[in-house]
Amino acid sequence: MVGVLHQGWIRPEMYKTLFEMQTDKRFDVTIYFSNIRPSENNRNFLVQKALEEGYDYLLNIDHDTVPLKNLLDLVGLKKDVIGGAFPAWNTVDPNYPLYFIAMDRAEDGYREHKEKVGLQEVDAVGSGGMLLSRAVMEAVKEPFLRKWKDGFAITGLDFFFCEKAKDLGFKVFCHYDYPCSHYKDLDLLQVLKFKQNG
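Starting afresh in each chain, residues are numbered from 1 along the sequence in its written order. pLDDT decides what is reported in this predicted model: residues at 70 or higher carry local features, side-chain atom pairs at 80 or more are listed and counted, and totals for whole chains, interfaces and linings draw on all residues regardless. To obtain the side-chain values, all non-hydrogen atoms of the structure were included, while hydrogens and water were left out.

### Considering the overall build of the protein chain
Per the secondary structure count, the protein chain includes five helices and 15 strands. Here the radius of gyration uses the C-alpha set of atoms, whereas the globule reference equals 2.2 Å times the residue count to the power 0.38. Taken over C-alpha atoms, the radius of gyration comes to 17 Å for the protein chain, in line with the 16 Å a tight globule of 198 residues would show. C-alpha atoms of the protein chain, sized along the principal axes, occupy 50 × 35 × 35 Å. Residues classed as buried in the protein chain amount to 45% of the 198 residues present. Using the Shrake-Rupley algorithm and a 1.4 Å probe, accessible areas are obtained, with residue cover drawn only from the displayed protein chains. Total accessible area on the protein chain stands at roughly 11,000 Å², and carbon and sulfur atoms take up 53% of it. In this count, Lys and Arg are taken as positive residues and Asp and Glu as negative ones, while His and the chain termini are left out. For this purpose, a charge sits on NZ of Lys, CZ of Arg, CG of Asp or CD of Glu. Charge-centre separation for the protein chain: the mean point of 25 positive side chains lies 1 Å from the mean point of 29 negative side chains. Note on conventions: DSSP H or I runs of at least 4 residues are helices, E runs of at least 2 residues are strands, and numbering of each starts at the N terminus. Remark: exposure states derive from per-residue accessible area (1.4 Å probe, protein chains only) relative to the maximum for the residue type, with buried under 20%, exposed over 50%, and partly exposed in between.

Below, the structure is given as structure tokens:
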């Protein structure tokens, strides 16, 4: 099952990717477009639907994340949790503006995984291009939630999911040979200011 999570729009570039997945003869693929709010409910709904309807794998793809290769190839690796490599914009540290959402645990949270080549075991991947096996969906109760402390979300729903999966003995991977575009709206004036200050 491929779940496309959106809030009313998806990147037009994604249609080619979805067509390739829908016509992939290796698998019986069903694509669901889900726009439930908030995003936790959207992800949990898709996990519940995949389990109820008997799917072996659930591939989550966010509306703004476009795989450049067919992520269904990753099914053949038979991993518990695996993600494609896609970048994010760091709003906290201006000295480190872009990074891949494939992380290792650190004393103060998470740090980007260092080796960015091929298949890598990591501690967490982003949920925007995440493939889940049935076994991990069955085992992780209340799968997609944020971890809160003193009224603040201290761990995002994707990293917290990976923490819970790893606590149950599952492994998490990122495959850097399967990059994904991650589209965001940018104010070009701010980009210019960033460039001039950098």
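### As for the packing of aromatic side chains
Any Phe, Tyr or Trp ring, taking Trp's six-membered ring, that has another such ring centre within 6.5 Å forms a pair; planes under 30 degrees apart are called stacked, those over 60 apart edge-to-face, and the others tilted. Applying the stated rule across the entire model yields three aromatic pairs. With 4.7 Å between their ring centres and 15 degrees between their planes, Phe-144 and Phe-161 make a pair best called stacked. Of this pair, Phe-144 sits in the loop between helix H3 (134-139) and strand S13 (147-149) while Phe-161 sits in helix H4 (residues 157-167), and the two are 17 residues apart along the sequence. Just as Phe-144 is buried, Phe-161 falls in that class too. The positively charged end of Arg-11 is found above the aromatic ring belonging to Tyr-183, 3.8 Å away from the centroid. Two limits define a charge over a ring: the Lys NZ or Arg CZ must be within 6 Å of the ring centre, and within 35 degrees of the ring normal. In this arrangement the basic side chain of Lys-69 is found over the ring face of Tyr-178, its NZ or CZ atom lying 5.2 Å from the centre.

### Some remarks on the state of the cysteines
Two cysteine sulfur atoms form a disulfide, by the criterion used here, when they sit within 2.5 Å. Applying the stated criterion across every chain yields a total of zero disulfides. Counting only cysteine sulfurs, Cys-174 is the nearest neighbor of Cys-162, a cysteine outside any disulfide, at a range of 11 Å. Sulfur of Cys-180: no disulfide; nearest cysteine sulfur belongs to Cys-174 and is 8.6 Å away.

### A few points about the sheet that holds strand S11 (residues 124-125)
Two strands qualify as a pair provided that DSSP identifies no fewer than 2 bridges between them. The sheet built from three strands is open, its strands ordered S9-S8-S11 with antiparallel pairing. Every other strand in the sheet has two partners, leaving strand S9 (109-112) and S11 as the edge strands with one partner each. As defined by bridge partners, strand S8 (residues 102-106) adjoins S9 across four bridges and the pair is classed as antiparallel. From the neighbouring strand, Asp-104 faces S9, where its bridge partner is Arg-111.

### Overview of the nonpolar core
We call a set of buried residues a nonpolar core when its members are Ala, Val, Leu, Ile, Met, Phe, Trp, Tyr or Cys and they connect through side-chain atoms within 4.5 Å of each other. Grouped together as the largest cluster of nonpolar side chains are 54 residues, with contacts concentrated most on Val-2, Val-81, Leu-132 and Phe-161. Sorting elements by how many residues they give to this core places strand S15 (residues 172-182) first, with six residues. Contact criterion: two residues are considered in contact whenever any of their non-hydrogen atoms come within 4.5 Å of each other. Setting aside residues up to four positions removed in sequence, Leu-132 forms contacts with Val-47, Asp-56, Tyr-57, Leu-58, Asn-60, Asp-80, Val-81, Met-137, Phe-144 and Phe-161.

### Considering the pattern of salt bridges
Think of it this way: side chains of opposite charge can pair up when their charged atoms draw near. Any Lys or Arg side-chain nitrogen found within 4 Å of a carboxyl oxygen on Asp or Glu counts as a salt bridge. Counted according to the given criterion, the structure contains 13 salt bridges. Its salt-bridge partner being Arg-26, residue Asp-73 comes within 2.6 Å of it at the nearest N-O pair. Residue Asp-73 is located in the loop between strand S4 (65-67) and strand S5 (81-85), and its partner Arg-26 is located in the loop between helix H1 (14-22) and strand S2 (31-34); the two are separated by 47 residues in the primary sequence. On the basis of relative accessible area, Asp-73 is assigned to the partly exposed category, the value being 29%. Of the charged contacts in the structure, one is a salt bridge between Lys-116 and Glu-112, with a shortest N-O distance of 3.8 Å.

### Considering the environment of Lys-25
Within the secondary structure layout, Lys-25 lies in the loop between H1 and S2. Residue classification places Lys-25 among the exposed residues on the basis of a relative accessible area of 81%. Each C-alpha atom, one on Lys-25 and one on Leu-132, is 20 Å from the other, the two residues being 107 residues apart in sequence.

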